[in-house]
Amino acid sequence: MSFDTVIRNGRWFDGTGAPSAIRNIGIRAGHVAAISAQSLDEAGCPQVIDAEGKWVLPGMVDIHTHYDIEVLGAPSLSESLRHGVTTVMVGSCSLSTVHVGGEDAGDLFSRVEAIPREHVIGAVDQYKTWSNCEEYIAALEARPLGPNVAAFVGHSDMRTATMGLDRATRKDVRPTKAEQTRMEQMLTEALRAGFVGMSSQQLLFDKLDGETCRSRTLPSTYAKPRELRRLKSVLRRSGRVLQAGPNIQNPFNIASQAVQSLGIARRPLKTSLLSAADIKANPFLISVMGPAARLVNKLGGNFRWQHLPVPFEVYADGIDLVIFEEFGSGAAAMHLKEQVAERNDLLRDEGYRRWFRKDYDSKYGLRVWHRDFFDAEIVGCPDASVVGKSFGQAGFDRGGLHPVDAFLDLVIEHGTALRWRTTISNHRPEVLKRLARDTGVQMGFSDAGAHLRNMAFYNFGLRLLRHVRDAQEAGTPFMTVEQAVHRLTGELADWYRIDAGHLRMGDRADLVIVDPAHLDESLDDYAEEKVEPYGGMSRMVNRNDDTVSAVLVAGRTVFLNGQPTEVLGTQRTGSFLRANTTTPATMGTAESVSVAV
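Residues numbered from 1 in each chain as written. Predicted model: local features only at pLDDT ≥ 70, side-chain atom pairs only at ≥ 80, totals over all residues. Heavy atoms only, no water.

- Under the annotation held in an unreviewed UniProt entry, the protein chain carries the name Amidohydrolase 3 domain-containing protein and is attributed to Mycobacterium angelicum.

This is how it looks when you write it as structure tokens:
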């Protein structure tokens, strides 16, 4: 029988961590039909790809995205696909669009995830045809999906749909017995439909948009222990995953999230917690995260940290950046985001400036941002004299101003035309190497589809591969390429129990061909691209088209030599991946061979 695609002479990685080998791969009907050291019959094959000198990997899995809105209007999700990510998970951080309507989705998503509110409302109102999880899955698969999609159902989504957004965000209101039962039914329905689990959020600087409940924290943060216990009990019984964001200002909350995985006289709770990061503001915290996870797992738990395996560099336009939500003066300014004149009046007020300086100078407590304006470079401004300088240096140049005053003055003068950047975490290469090997850590947390003007980590998997390859070439290896591929693919798919992340006989033909010669500085380059469904706004992206030679989903080529094919965005290649539906690879057939080099 002929093949639909043959990939010649590439170095094949199966996603299990087993040794790689030079192999020829035949694809038929969307699956891997042959893996051979010998040449395959190419007669009648419409596509033959020469992969000599290149790596053929399973498509990568991104376990933390916020594509819930973009997947409705632009389901190709091309920014992830072009970098070899063939499976994405939506529904993170307690946010999903399974149950809420457009107005509530706008309030939930837009400020937290920095997605324009009007486009959130417009997308949900235009495309929502579903009223339950099965209908949601059907609606996604009716769209021309690019990658595969797996999903969490969001706790804030369920809470809002059940209680109403106002009641769901009041400290003195608890769900009635009927409302609690309804949320448990929603979760049960989601798990039966194949959702990988539930996402919740206790982080207190994620704030709502809109007018009615503006600046309140997400609905899931108001849930009391009893409500959470009952929902977690549903997850325990099913063996599915809780994705959670702890309240980082409360160390007890972080510890309890880890310990709950143990179960203790009940079934362990699979827990994926945000996030393991080498935070500049708390350089010693990372030293306890890995050991804590390993201890919990040794005692019988099933706990993982999520981790972005690259430096966490963020950009901002003026003061519009979510990290300002973590302290009072910053949150006050963000509250007035849509009222520019009123916000500028606030920023000029000396009392407000004293408040901001106090928050800035405070070095106590757990936090995300290091609050160091000397470690924040201005990269764009109508006043060219400040470009390339830190806000601290700009303050010196303006007569010795406090860095906060220099920053606020520039925001008032230039608004969002003031663009700057800083690295919040993951700045120490040796710590990143240690985290890459840590069994209590999962690769992910890209936030793809959110914070469109603030960051771009769509190619995080390629950057990890470069880090591993460079260390090997320097004679200081910290893990093999096979191990790195496993961490980005099969390890994640197996833990979340979805049919992805492997490239063996019988597996889905979701794969990426990488040219290791181009795992280079282009991976770090700055780029922007318009998002047509969001009114053509410009977002940060990654562009390293020479690195990825081809991307296939279900055996169909969606990117070739850095360019999308005619299939992408016009035909569905991806599927909704339901948990517990993994199909074992049929190793040992007549066409399969040893993987020994």
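1. What about the overall build of the protein chain?
Argument step 1. Within the protein chain, the regular secondary structure consists of 20 helices and 22 strands.
Argument step 2. The C-alpha atoms of the protein chain give a radius of gyration of 24 Å, which matches the 25 Å a tight globule of 597 residues would have.
Argument step 3. Scored against the burial criterion, the 597 residues of the protein chain give a buried share of 63%.
Argument step 4. Contacts in the protein chain between residues far apart in sequence, at least 24 positions, make up 75% of those at least 6 positions apart.
Argument step 5. When the accessible surface of the protein chain is summed, it comes to about 21,800 Å², and 51% of that surface belongs to carbon and sulfur atoms. (Helix = DSSP H or I, 4+ residues; strand = E, 2+ residues; numbered from the N terminus. Rg over C-alpha atoms; globule rule 2.2 N^0.38 Å. Buried < 20%, exposed > 50% of the residue type's maximum accessible area, 1.4 Å probe, protein only. Contact = heavy atoms within 4.5 Å. Areas by Shrake-Rupley, 256 points an atom, 1.4 Å probe, with all protein chains shown as cover.)

2. Things to note about unusual backbone geometry
Argument step 1. Residue leucine 274 is joined to serine 275 through a cis peptide bond whose omega torsion reads -20°.
Argument step 2. With respect to the helices, strands and loops of the structure, serine 275 is situated in the loop between β11 (270-273) and α11 (286-298).
Argument step 3. Residues other than glycine seldom take positive phi values, yet aspartate 447 does so here, at roughly 60°.
Argument step 4. Note that aspartate 447 resides in the loop between β16 (441-443) and α18 (460-473).
Argument step 5. Using a relative accessible area of 8% as the deciding quantity, one classes aspartate 447 as buried.
Argument step 6. In this model, asparagine 561 sits at a positive phi of 55°, which is unusual for a non-glycine residue.
Argument step 7. By the secondary structure assignment, asparagine 561 is in the loop between β21 (556-560) and β22 (563-564).

3. Observations regarding the nonpolar core
One broad trend across soluble globular proteins is that nonpolar side chains are buried collectively.
Argument step 1. Judged by nonpolar contacts, the single largest core of 138 residues is most densely connected at Phe195, Phe324, Phe356, Phe373, Phe407 and Trp420.
Argument step 2. Ignoring anything within four residues of it in the chain, the contact list for phenylalanine 324 reads Ile319, Gly330, Ala331, Met334, Phe356, Trp369, Phe373, Phe407 and Trp420.
Argument step 3. Grouped together as the second largest cluster of nonpolar side chains are 16 residues, Ile7, Ile27, Ile35 and Leu511 included. (Core = buried A, V, L, I, M, F, W, Y, C linked by side-chain atoms within 4.5 Å.)

4. What about the UniProt feature "domain: Amidohydrolase" (unreviewed entry) in the protein chain?
Argument step 1. Under the UniProt annotation, the feature "domain: Amidohydrolase" (unreviewed entry) is placed at residues 47-216.
Argument step 2. Regarding residues 47-216, the helix share stands at 41% and the strand share at 17%, and the terminal C-alpha atoms are separated by 54 Å. (UniProt positions renumbered as here; feature names shortened; annotations may be inferred.)

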